[in-house]
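Coordinate analysis (summary)
Spelled out, the chains give:
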Amino acid sequence: INAEYMGKLKLAMSVESLLSALRRDTVVVADTGDFESIARFAPQDATTNPSLLFAAAKLPKYRHVVDTAIAWARTQPGELLTNIMDRLSVDFGIEILKIIPGRVSTEVDARLSFDTQASVAKALKLIGMYRDAGISSDRILIKLASTWEGVAAARILESQGIHCNLTLLFSFVQAVACAQAGVTLISPFVGRIRDWAIEKNKYRDGDPAELDPGVISVKKIYNYYKKFGHRTIVMGASFRTVDEILQLRGCDYLTISPTLLERLESTPADASAHAQLTVEAAQASTLERLPEISEAVFRWELNQDEMATDKLSQGIRVFAEAAVNLEQFIATLL
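A brief report on the enclosed structure follows. (Residues numbered from 1 in each chain as written. Predicted model: local features only at pLDDT ≥ 70, side-chain atom pairs only at ≥ 80, totals over all residues. Heavy atoms only, no water.)

1. Some thoughts on the overall build of the protein chain
Put simply, the rule is: Put simply, DSSP marks the helices as runs of H or I at least four residues long and the strands as runs of E at least two long, and each gets a number from the N terminus on. In this description the radius of gyration comes from C-alpha coordinates, and the expected globular size is given by 2.2 Å times residues to the power 0.38. When accessible area is computed with a 1.4 Å probe and restricted to protein chains, residues below 20% of their type maximum are described as buried, those above 50% as exposed, and intermediate ones as partly exposed. We call two residues in contact when some of their heavy atoms are within 4.5 Å.
Scanning the protein chain from N- to C-terminus turns up 16 helices and eight strands. The C-alpha radius of gyration of the protein chain comes to 20 Å, within 12% of the 20 Å expected for a compact globule of 334 residues. For the protein chain, the residues scored as buried account for 54% of the 334 residues in total. In the protein chain, the proportion of contacts linking residues at least 24 apart, taken out of those at least 6 apart, comes to 68%.

2. Some points on the environment of Phe-189
Looking at the element boundaries, Phe-189 is found in the loop between β6 (185-188) and α10 (191-199). Residues Phe-189 and Lys-311 lie 122 residues apart in sequence; the distance between their C-alpha atoms is 9.6 Å. Residues within four places of Phe-189 in sequence aside, it is in contact with Thr-167, Leu-168, Leu-169, Phe-170, Ala-237 and Ser-238.

3. Looking at the pairing of strand β1 (residues 27-31)
What counts, and what does not: In this description, strands pair whenever DSSP reports at least two bridges between them. When the strands point away from the viewer, a crossover counts as right-handed if the route from the first strand across the helix to the second turns clockwise.
Most of β1 sits out of view: four of its five residues are buried. In this sheet, strand β2 (residues 45-47) lies alongside β1 in parallel orientation, the contact comprising three bridges. By the bridge assignment, Val-29 is partnered in β2 with Asp-45. Note on the crossover from β1 through helix α3 (residues 35-41) to β2: the handedness is right-handed.

4. Examining the environment of Pro-268
Position of Pro-268 relative to the elements: it lies in the loop between α13 (258-266) and α14 (279-283). By relative accessible area, which is 54% here, Pro-268 ends up exposed. Taking the C-alpha atoms as reference points, Pro-268 and Leu-19, 249 residues apart in sequence, are found 8.8 Å from one another. Setting aside anything within four residues of it in sequence, one finds Pro-268 in contact with Val-15, Glu-16, Ser-17 and Leu-18.

5. So, the pattern of salt bridges
Cut-off, in case you're wondering: Counted as salt bridges are all cases of a side-chain nitrogen of Lys or Arg within 4 Å of a carboxyl oxygen of Asp or Glu.
Within the structure shown, the criterion is met by 24 salt bridges. Arg-63 is the partner of Asp-67 in a salt bridge, and the nearest nitrogen-oxygen pair spans 2.9 Å. Residue Asp-67 and its partner Arg-63 are both found in helix α5 (residues 63-73); the two are separated by four residues, about one turn of the helix. We classify Asp-67 as partly exposed; its relative accessible area is 36%.

As structure tokens, then:
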């Protein structure tokens, strides 16, 4: 019996998981603020957002992080709640950086999404707080919404050597503008595009993943970047299914929730499966280079994309609401 059990165990251990196979072609990033999940899946990088921070801050096991932020903010000049929020964002980032070898994304307040100078000021404050804690800016990605003002803020920050992650990206024009601005990394959303398409009866749950409009969007962006030599990293985000992830195997980075990471880890890989995105295929694509994107062109093209307009504005509202909820939670502790 022991020999039979050991034989089955050896076979199970020899079968490669989907997660392990994915890692051969794509950098895996954890989309969570939960330290334990990050430690378990050992990603290269990690991303956070106000919704994830709010969820983590409410957990008793992270109360010490909140208490430390409050105590620090009480010693600082300026608005108490704002300082607590900034400290909390940075302290969660510092804790995450103790676990991962790469970079953490720290988000600028979504309520600044239409204010370039305020976004730059907030980013510089956050980077300064990291530096005061002994963390190099090379390990931080400043996360900004992909509005025209967010892209403009990123252009300024990148010129100062501060790396940016442009999030809430739903359209091709946003992606091209980010590349032209020299942004380090973009986070084109997959699942939220899918959600919109299902709501509008343009895609059905259960349809083939290769027809998923979110998957198609990221593939086009990846192909454009690789064909025309843009160095901006494409990090697919906001996944709903494992199949969406597998359709984007080969993308530079994919940021994945703990729930989907667990499914990938527990599912055996198909030995014949391979990367769906490659530089060679991208360079053979028929895409044509776009001219420099002006503000007028950016706003018009975004306006003409009903899905991107809806999801960008909704995403900003959701992240802003999460920030307000976190502020209200912190206020109860003061």
